[in-house]
Amino acid sequence: MSRDDDPEEPRKRISTPFVLQFNNLTYSIKMHKQMKIHRMLCRKEARVTNSEKLLLNDISGVVREGEIFGILGPSGAGKTTLIDALANKISKKSLRGSITMNGETLQSTVLKKMSAYVMQDDLLFPMLTVEETFLFSAEFRLPRLLSKSEKMARVQTVIDELGMRNAAKTLIGDEGHRGISGGERRRVSIGVDIIHDPILLFLDEPTSGLDSSSAFMVAKLLQEIARTGRIVITTVHQPSSRVVGLFDHLMFLSQGESVYYGKPADLSVFLSDFGHPITDNIEATEFMIDLYKYLEGQPGGTKSIVQFSKSWHKVWSHPYNSNGLLGLPSLKDAKYNTGASGSGRGCSEFANPFWVETVVLMKRSFISSKRTPKIFSTQIAGAIASAFVIASTFWHPVKTEGGVHQRLGFFVFVVGCIFYVATDALAVFIQERYIFMRETAYNSYRRSSYILYHSVMVIPTLLASSLAMSLITFWAVSLDGGLSSFSFYFLVIFASSWAANSLVTLVSGLVSQVMVGATIAISIVGAFVLYSGFFMPRDSIPSYWIWLHYISAVKYPFQAIVVNEFDKPDLCLVEIGAEPTKSCAVTGLDVIKRLNATDLSKWSCLWITLAFGVLYRIMFYFALLFGGKNKRK
């Protein structure tokens, strides 16, 4: 075997300040398998048995500051699982083994401050420029003690480091807006996560989906980032020989086990010693992957190369034992040196206070929304169009029994329509939630800041659309009461829009697929409308479904509009007879009693509707808290 270093030699030359070690990492998940067995009388009975699937098996390695470490293997080899384990994205209860920095165990709070994780997907706001994207990341990740000019200087440094100077003022872009290229988007995703100058940088397949030239440029960039004093760990699916040549160390995985760990230059020696020398005109990485994919299909094939790999590396003793780590700085030093200009974050988990995070989030959303005015105008136009259709359908109902039912139908329909239309925003909310999960994974801002910002930013749009719908429908349906009645009607429409928007937001925090979320949201709204009190009075609802009547967010705005319209002692809705013996057959109070809408006042119903919106936002917070941790069990 050809070795550049004597086993004892590296220990003499090591001067790097930070070293990440992982030893004997093992991770398995429980698999539920259903089996059918025959018993007496030929009766079949299903039995569920539990088995474990090993995703990582006794994986060890070391990465020094200034190095780039590549994890290679085909799909299902365990690449993402390993990098998730190193990035603390797997529950400690399930993961066995140890992960240390300079000999000290890495705690979750410390790791978040000194590391960054770049996901495979480029989750960016399309209507921000490259410079603005970095600047907002700096506002979140860099300490408040730094001035705006210092943060801007850090942004410019990252732009130059990534080679993005010519694209700094260009929009990120998306399918509908032309922006930067795919390779540039990937570099922006990396820049967002290195803005606070982390020591550890994890990347999940950063070259995936890129052409060979762009992939090489990204890999070259990662090498340059590592050389500036960082530890870079990345997974790569199908790397070219040029990309592999940039790595300092490689680890090939096969079915969760390490089949090679070492330098790229030593791979050909390893294969030759294993008895499978590389044939001419074949790239070493491709040959290695093809070899152990072939061995995976042979009985005991993977086991043979795994065991050989371990024995092959025994002659290369670990350069970082307990004595070799004595001169390296502690994690406390690492923690406080993390951040641009070495300013660190002190003892707080977050770089900024709650109110600063909220303001920055609102500012970013405002800039993005300002560049897409069609979205706002489309929402208002949709509300106006819906209002015209509803108004023309329920135009001036006559004073008959049928007219009373027509007006009640309008009340429940206009509220139900608001809830159904709100589900259109589900796709936007789910897409933004993924960005939220990326940004909060390493404490860019608090969940509470995000909830407050999200709640405040929707209010202007809800007010505008509610006002448009109220102005068009109130007088078209001949609602009674004048300006005061109209003002309350408008408040109810706004409260309904607020509750509907909050409900859809909650659903977006519970599901990850738009179609699933839409199905859930529409089903919930359907149940709310059914048990609102219009289709059947409260006394007629089956006892086992009565709870749906009281939690229906449609019941309370519907009842508020009914009481606002009919709770007038002198209001006659249906007259019988002729003058002078004409009498009132149906009064407004008769309608209220018929609907059993006497339990709450109209103002109580309004406050309850608003409270539903607040409750859904609080539940959204807990959905993000427990469902947005992005950590495997």
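Since we're looking at a predicted model, the values are computed, not measured.

Definitions and limits used
Residues numbered from 1 in each chain as written. Predicted model: local features only at pLDDT ≥ 70, side-chain atom pairs only at ≥ 80, totals over all residues. Heavy atoms only, no water. 1 Å grid on protein atoms, 1.4 Å probe; cavity = no way out; pocket = protein on both sides within 12 Å on 5 of 7 lines; lining within 4 Å. Points joined across faces, edges and corners; volume = space filled by probe spheres on them. Helix = DSSP H or I, 4+ residues; strand = E, 2+ residues; numbered from the N terminus. Nonpolar A, V, L, I, M, F, W, Y, C, P; charged D, E, K, R; others polar. Pairing = 2+ DSSP bridges. Axes fitted to C-alpha atoms, helices over the stretch in contact; angles between N-to-C directions. Buried < 20%, exposed > 50% of the residue type's maximum accessible area, 1.4 Å probe, protein only. UniProt positions renumbered as here; feature names shortened; annotations may be inferred. Salt bridge = Lys/Arg side-chain N within 4 Å of Asp/Glu carboxyl O. Disulfide = S-S within 2.5 Å. Expected span 1.5 Å × (residues − 1). Contact = heavy atoms within 4.5 Å. Phe/Tyr/Trp six-rings, centres within 6.5 Å; stacked < 30°, edge-to-face > 60°. Left-handed = near helix turned anticlockwise from the far one by under 90°.

1. Thoughts on the layout of surface pockets
For step 1, the next point in the chain: The calculated volume of the largest pocket comes to roughly 1,700 Å³.
For step 2, the next point in the chain: Contributing to the lining of the largest pocket are 48 residues, with Ile375, Gln379, Ala425, Val428 and Thr461 lying nearest its centre.
For step 3, the next point in the chain: Element by element, the count of residues in the lining of the largest pocket is highest for helix α14 (residues 373-393), at 9 residues.
For step 4, the next point in the chain: Of the residues that constitute the lining of the largest pocket, the class distribution is 25 nonpolar, 16 polar and 7 charged.

2. Quick look at empty space enclosed by the protein
For step 1, the next point in the chain: Summed over the entire model, instances satisfying the criterion amount to 6 cavities of 30 Å³ or more.
For step 2, the next point in the chain: Of the voids in this model, the largest cavity is the one considered here, and its volume is about 150 Å³.
For step 3, the next point in the chain: Looking at the largest cavity, it is lined by 16 residues, and the ones nearest its centre are Ser137, Val192, Arg364, Arg438 and Glu439.
For step 4, the next point in the chain: Every element with two or more residues in the lining of the largest cavity is listed here: α4 (130-141), α6 (182-194) and α16 (426-440).
For step 5, the next point in the chain: In terms of residue count, the dominant contributor to the lining of the largest cavity is α4 (5 residues).
For step 6, the next point in the chain: Taken together, the residues that form the lining of the largest cavity break down as 8 nonpolar, 3 polar and 5 charged.

3. Re the sheet that holds strand β9 (residues 249-254)
For step 1, the next point in the chain: An order of β6-β7-β8-β3-β9-β10 is seen for the 6 strands of this open sheet, with the pairing classed as mixed. Since the sheet does not close on itself, it has two edges, and those belong to β6 (115-118) and β10 (257-262), each with one partner. Direction aside, neighbouring strands of the sheet carry axes that sit 15 degrees apart on average.
For step 2, the next point in the chain: For strand β3 (residues 68-72) and β9, the ladder comprises 4 bridges, and the chain directions are parallel.

4. Focus on the environment of Asp266
For step 1, the next point in the chain: Within the secondary structure, Asp266 sits in the loop between β10 and α9 (267-273).
For step 2, the next point in the chain: Using a relative accessible area of 6% as the deciding quantity, one classes Asp266 as buried.
For step 3, the next point in the chain: A C-alpha to C-alpha distance of 9.9 Å links Asp266 and Leu250, two positions 16 residues apart in sequence.

5. Details of the UniProt feature "transmembrane region" (unreviewed entry) in the chain
For step 1, the next point in the chain: Taking the numbering used here, the UniProt-annotated feature "transmembrane region" (unreviewed entry) corresponds to residues 375-396, 408-430, 451-476, 488-507, 514-534 and 606-627.
For step 2, the next point in the chain: What you have in residues 488-507 is 100% helix and 0% strand, and the ends, taken at the C-alpha atoms, are 29 Å apart.
For step 3, the next point in the chain: Annotated as 81% helix and 0% strand, the span residues 514-534 places its first and last C-alpha atoms 30 Å apart.

6. With respect to unusual backbone geometry
For step 1, the next point in the chain: Unusually for a residue other than glycine, Asp58 sits at a positive phi of about 55 degrees.
For step 2, the next point in the chain: Position of Asp58 relative to the elements: it lies in strand β2 (residues 44-64).
For step 3, the next point in the chain: Unlike most non-glycine residues, Asn102 shows phi in positive territory, near 55 degrees.
For step 4, the next point in the chain: By secondary structure assignment, the location of Asn102 is in the loop between β4 (95-101) and β5 (104-105).
For step 5, the next point in the chain: Judged by relative accessible area, Asn102 falls into the buried class, the value being 7%.

7. Re the pattern of salt bridges
For step 1, the next point in the chain: Inspection of every chain in the model, using the stated rule, returns 16 salt bridges.
For step 2, the next point in the chain: Residues Glu67 and Arg64 are paired through a salt bridge, measuring 3.0 Å at the closest nitrogen-oxygen approach. Both residues of the pair, Glu67 and Arg64, count as buried.
For step 3, the next point in the chain: Across the pair Asp248 and Arg227 runs a salt bridge, and its minimum N-O distance is 3.0 Å. Of this pair, Asp248 sits in the loop between α8 (241-244) and β9 while Arg227 sits in helix α7 (residues 212-227), and the two are 21 residues apart along the sequence.
For step 4, the next point in the chain: For Asp248, a relative accessible area of 19% corresponds to the buried category.
For step 5, the next point in the chain: What emerges from the salt-bridge pattern is a single network uniting Glu161, Asp197 and Arg230.

8. Regarding the state of the cysteines
For step 1, the next point in the chain: Counted according to the given criterion, the structure contains 1 disulfide.
For step 2, the next point in the chain: Paired by a disulfide, Cys572 and Cys584 hold their sulfur atoms 2.2 Å apart. Between Cys572 and Cys584, the S-S dihedral sits near 115 degrees, and the bridge is therefore right-handed. Here Cys572 is found in strand β11 (residues 572-576), whereas its partner Cys584 is found in strand β12 (residues 583-587), with 12 residues between them in sequence.
For step 3, the next point in the chain: Residue classification places Cys572 among the buried positions, given a relative accessible area of 14%.

9. Looking at α6
For step 1, the next point in the chain: Its 13 residues place the ends of α6 19 Å apart at the C-alpha level, agreeing with the 18 Å of an ideal helix rising 1.5 Å per residue.
For step 2, the next point in the chain: In terms of residue burial, α6 counts as a mostly covered element, since 11 of its 13 residues are buried.
For step 3, the next point in the chain: Buried residues of α6: Gly183, Arg185, Arg186, Arg187, Val188, Ser189, Ile190, Gly191, Val192, Asp193 and Ile194, and no others.
For step 4, the next point in the chain: Against the buried residues of α6 lie β6, α4, α5 (148-162), β7 (200-204), α7 and α16.

10. Some remarks on the packing of aromatic side chains
For step 1, the next point in the chain: Counted by the stated rule, this structure contains 31 aromatic pairs.
For step 2, the next point in the chain: Measuring from centroid to centroid gives 5.5 Å for Phe474 and Tyr489, while their planes differ by 50 degrees, and the two rings are tilted. Of this pair, Phe474 sits in helix α18 (residues 459-474) while Tyr489 sits in helix α19 (residues 482-510), placing them 15 residues apart in sequence. Across the pair, exposure class does not vary: Phe474 and Tyr489 are buried alike.

11. Digging into the packing of helix α15 (residues 401-422) against α19
For step 1, the next point in the chain: At a minimum axis distance of 8 Å, the contact between α15 and α19 shows a crossing angle of 35 degrees. When you trace α15 past α19, the crossing you get is right-handed. Contacts between α15 and α19 pair Phe410, Val414, Val415, Ile418, Phe419 and Ala422 from the former with Tyr489, Ile493, Ser496, Ser497, Ala499, Ala500, Asn501, Leu503 and Val504 from the latter.
For step 2, the next point in the chain: Split into classes, the residues belonging to the contact of α15 with α19 amount to 12 nonpolar, 3 polar and no charged.

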